[in-house]
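Report on the structure
Take a look at the letters that make up each chain.
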Amino acid sequence: YFIFAVNNPPVFYLENADVASWQWLKDNGKNKGVVIASEYNSIFIPSYSRQKVYSAHPIETLYFYDSKEIMNKWFFQNNNSDEQKIRFLKQNNIDYVYYSLKEKNLGDFRPQDKDYLKIIFKNNTAQIYQVFGN
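The sections below set out a description of the structure shown in this document. Here, residues in each chain are numbered from 1, in the same order as that chain's written sequence. This being a predicted model, a pLDDT of at least 70 is required before a residue's local features are given, and a value of 80 or more before pairs of side-chain atoms are given or counted; all residues contribute to the totals for chains, interfaces and linings. The side-chain quantities take in all heavy atoms of the structure and omit both hydrogens and water.

1. So, unusual backbone geometry
For the record, the criterion: A run of H or I in DSSP becomes a helix once it reaches four residues, and a run of E becomes a strand once it reaches two; helices and strands are each numbered from the N terminus.
A positive phi angle, close to 65°, is found at Arg50, a residue other than glycine. Tracing the sequence through the fold places Arg50 in the loop between helix H2 (39-49) and strand E4 (52-53).

2. A few points about the environment of Ser100
Definition in use: Any residue under 20% of the maximum accessible area for its type is buried, any over 50% is exposed, and the rest in between are partly exposed; the area is computed with a 1.4 Å probe on protein chains only. In this analysis, two residues are considered to be in contact whenever any of their non-hydrogen atoms come within 4.5 Å of each other. Polar contacts, as used here, are pairs of N or O atoms within 3.5 Å; protein pairs need one atom able to donate a hydrogen and one able to accept it. Residues neighboring in sequence count only if both atoms are side-chain atoms.
If you trace the backbone, Ser100 turns up in strand E5 (residues 96-100). Classification of Ser100 as buried rests on a relative accessible area of 7%. Residues Ser100 and Ser38, 62 residues apart in the sequence, show an inter-C-alpha distance of 8.8 Å. Among residues more than four places away in sequence, those in contact with Ser100 are Asn41, Thr125 and Ala126. Here Glu103 takes part through its side chain, which lies 2.6 Å from a polar atom of the side chain of Ser100.

Structure representation (structure tokens):
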């Protein structure tokens, strides 16, 4: 486990398996790939994988609160609107969908059922899907 402390407290832990999935993305992903993930995972993915994310920090992401709503209240929340989601992924040059318990807890999106996503990595806590055709 990795331990991070911002102030004393809070303290929180990153699972080794999550860090391993981000390392895999660093070693195997496109150099300039873009990843969509939950707000929580998007904070860590760039530093561990050197991949860009769709939205991460309010200070570093244009229109952060709008993009946060898209991730949390639309993309991961429901398992429908596939045509819109395909268009969204292409328009935003998103190459990877990161899916772990954090994303699963946002709603009922099931990436394994999508023909526009192909699983390229899986461990006991996370899956990484490549956007088909990107």
